[in-house]
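This is what each chain is made of:
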Amino acid sequence: MGRLSTHVLDTTQGRPAEGVRIELHRLEGAAWVAITEATTNADGRTDAPLLSGAAFATGTYMLTFHVAAHFASTTKADARAPFLDAVPLRFTMAEPDGHYHVPLLVTPWSYATYRGS
């Protein structure tokens, strides 16, 4: 069975981003349906895969990483007007047995992602 996992790296500080709230939605027709929510641990990862086993399905998804609170508590970024508040990543999972790992590398002003392993 396939699975979806993620992690968040704070590249400003060169370490995992702890305490980042993550939402997962799936596109069903024209509507985004909430699937699950998690918060990153001290290693910048969720404690369990976001999707696995019978819950895993191919389709179009969106991960939303709420990064503003993390940077407000760990950097000198202006909490009143953060440049990045929430980072949405839309992607498609087409392999029913695939491992999709979607990390976020983020600073208060930029981000990058890729399909990891």
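Figured I'd write up the structure that's included with this text.

1. Quick word on the pairing of strand 7 (residues 59-66)
Consideration 1: Relative to strand 7, strand 4 (residues 21-28) is paired through six bridges, and the arrangement is antiparallel. Counted as the bridge partner of Arg21 is His66 from strand 7.
Consideration 2: Of the pairings in the sheet, the one linking strand 7 to strand 8 (residues 86-93) comprises eight bridges and is antiparallel in character. Bridged to Phe65 within strand 8 is Val87.

2. What to know about the sheet that holds strand 1 (residues 3-5)
Consideration 1: The strand order across the open sheet formed by three strands is 6-1-9, and the pairing between neighbours is mixed. Across the chains shown, the open sheet's two edge strands, defined by having one partner strand only, are strand 6 (51-52) and strand 9 (99-101).

3. Comments concerning the pattern of salt bridges
Consideration 1: Tallying each qualifying case throughout the model produces five salt bridges.
Consideration 2: Of the charged contacts, one joins Arg21 and Glu23 as a salt bridge, the two residues approaching to 3.3 Å between their closest N and O atoms.
Consideration 3: A salt bridge links Asp43 to Arg45; its shortest N-O distance comes to 3.1 Å.
Consideration 4: Residue class for Asp43 comes out partly exposed when judged on its relative accessible area of 43%.
Consideration 5: Here the salt bridges share partners, and the residues they tie into one network are Arg21, Glu23 and Glu37.

4. Side note on the side chain of His101
Consideration 1: Assignment of secondary structure puts His101 in strand 9.
Consideration 2: Note on His101: relative accessible area 5%, which makes it buried.
Consideration 3: Side-chain polar atoms of His101 contact the side chain of Ser5, separated by 2.6 Å.
Consideration 4: Separated by 2.7 Å, the side chains of His101 and His7 make a polar contact.
Consideration 5: For His101, the residues in contact, after removing those within four places along its chain, are Ser5, Thr6, His7, Arg45, Tyr114, Arg115, Gly116 and Ser117.

5. Describing the nonpolar core
Consideration 1: Leu4, Val8, Leu63, Phe65, Val67, Met93 and Leu104 are the most contacted members of the largest nonpolar core, which has 24 residues in total.
Consideration 2: Listed by contribution, the elements that provide at least two residues to this core are strand 4, strand 7, strand 8 and strand 10 (104-106).
Consideration 3: With four residues, the top contributor of residues to this core is strand 8.
Consideration 4: If sequence neighbours within four positions are ignored, Leu63 has contacts with Thr6, Ile22, Glu23, Leu24, Leu50, Val87, Pro88, Leu89, Phe91 and Val102.

Reading guide: rules and limits
- Per chain, residues are indexed from 1 in the order of the written sequence.
- The model is predicted, so local features are restricted to residues of pLDDT at least 70 and side-chain atom pairs to those at 80 or more, both for listing and for counting; the totals for chains, interfaces and linings are taken over all residues.
- Hydrogens and water are ignored here; the side-chain numbers use all heavy atoms of the structure.
- Two strands form a pair only when DSSP identifies at least two bridges running between them.
- The helix and strand labels rest on DSSP assignments: H or I over at least four residues marks a helix, E over at least two residues marks a strand, and numbering proceeds from the N terminus.
- Salt bridges are counted wherever a side-chain nitrogen of Lys or Arg sits within 4 Å of a carboxyl oxygen of Asp or Glu.
- Summary of the burial criterion: residues with accessible area below 20% of their type's maximum are buried, those above 50% are exposed, and those between are partly exposed, where the area comes from a 1.4 Å probe applied to protein chains only.
- Here a polar contact is taken to be a pair of N or O atoms separated by no more than 3.5 Å, where protein atoms must pair a possible hydrogen donor with a possible acceptor and residues adjacent in sequence count only if both atoms sit in side chains.
- Contact between two residues is taken to exist if any of their heavy atoms lie within 4.5 Å; hydrogens are not considered.
- Residues belong to a common nonpolar core when they are buried Ala, Val, Leu, Ile, Met, Phe, Trp, Tyr or Cys residues joined through side-chain atoms within 4.5 Å.

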